[in-house]
Amino acid sequence: MLENDWLLRKDSLLLRDALCEFLEEYYGKIRFLEEKTIGKVRADMIAVLPDGLLGIEIKSHSDTYTRLADQVKGYNKFCDLCYLCVGSTHIHAEEHIPKEWGIILMTVRDGVTFEIVREPQKRKRDVLKNQLSFLWRDELSAICVLEKMPKYTSKSKKAVCEILISRVPAEKLKFHLCEALFERDYTKFEEK
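Reading the values: the criteria
- Residues numbered from 1 in each chain as written.
- Predicted model: local features only at pLDDT ≥ 70, side-chain atom pairs only at ≥ 80, totals over all residues.
- Heavy atoms only, no water.
- Buried < 20%, exposed > 50% of the residue type's maximum accessible area, 1.4 Å probe, protein only.
- Helix = DSSP H or I, 4+ residues; strand = E, 2+ residues; numbered from the N terminus.
- Contact = heavy atoms within 4.5 Å.
- Arc of directions from axis to C-beta.
- Pairing = 2+ DSSP bridges.
- Right-handed = clockwise from strand over helix to strand, strands pointing away.

Caption draft 1: Examining helix H4 (residues 137-146) more closely. Along H4, the residues that are buried comprise Glu139, Leu140, Ser141, Ile143 and Cys144. Residues of H4 that are buried make contact with helix H3 (128-132), helix H5 (157-167) and helix H6 (170-183). Taken from the residues just after H4, Lys148 is the one with a positive phi, measuring 60°.

Structural data, given as structure tokens:
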């Protein structure tokens with residue numbers, strides 16, 4: 001890896017850490033998921049809130065909007081709320097995203113500061129079915145048990161998701177989804 005590549009990666013990680021701290025302070029209870037593929041794109045950040053999933057697409061000063069349309073489609077299929085986090089050079093950011101997306105402005109001077117210039121609006125489209133695909137098989141089984149249903153161990157993950165959607169009210173299922181993601185133990189995955 002070239003020195004400049006390493007510096008860019010290091011700056012990117014520092015920026016993400018600072019953004020995570022800002023969002024933790026703003027939202028309170030929040031958990032950031034490992035990198036996730038959403039549709040045909042990889043999300044910059046997906047965060048779990050008590051009542052839904054928050055998507056954050058980051059465009060630094062050197063980024064362009066070339067892939068943003070496809071990225072927006074991916075986020076819109078999986079997230080209840082979405083933000084575009086942009087550097088101050090992206091003064092026309094709102095022209096490139098749906099009106100329900102929020103905008104976070106990042107300024108890099110002696111450190112990084114963030115300002116929410118437009119709040120996101122909860123999306124009307126139902127994304128719960130896609131969100132359930134983020135859960136591991138044992139997490140889906142645990143929700144089944146909580147709902148006094150069989151674990152459906154002989155059924156596919158997709159089939160279990162469909163059963164849950166058909167039998168559990170959406171608001172309650174969303175609560176279970178978020179709790180499962182908050183409680184996720186990645187060491188169990190590493191052991192497997």
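Caption draft 2: Spotlight on H5. Considered for burial, the residues of H5 that qualify are Val160, Cys161, Ile163 and Leu164. Buried positions in H5, seen along its axis, are confined to an arc of 160° and lie on one side of it. Along H5, exposed side chains directed more than 90 degrees from the buried face belong to Lys158 and Ser166. Buried residues in H5 make contact with H3, H4 and H6.

Caption draft 3: Highlighting the environment of Tyr26. Within the element layout of this structure, Tyr26 appears in helix H1 (residues 3-27). Non-local contacts of Tyr26, meaning those with residues more than four positions away in its chain, are made with Tyr83, Ile116 and Glu119.

Caption draft 4: Spotlight on the pairing of strand E5 (residues 52-59). When you tally the buried positions in E5, you get eight out of eight residues, the bulk of the element. In this structure, strand E4 (residues 45-49) lies alongside E5, joined through five bridges in antiparallel fashion. Counterpart to Ala47 in the pairing with E5 is Leu54. Hairpin connection of E4 to E5: two residues between the antiparallel strands. Note that the unit made of E5, helix H2 (residues 68-78) and strand E6 (residues 81-87) has a crossover that is right-handed.

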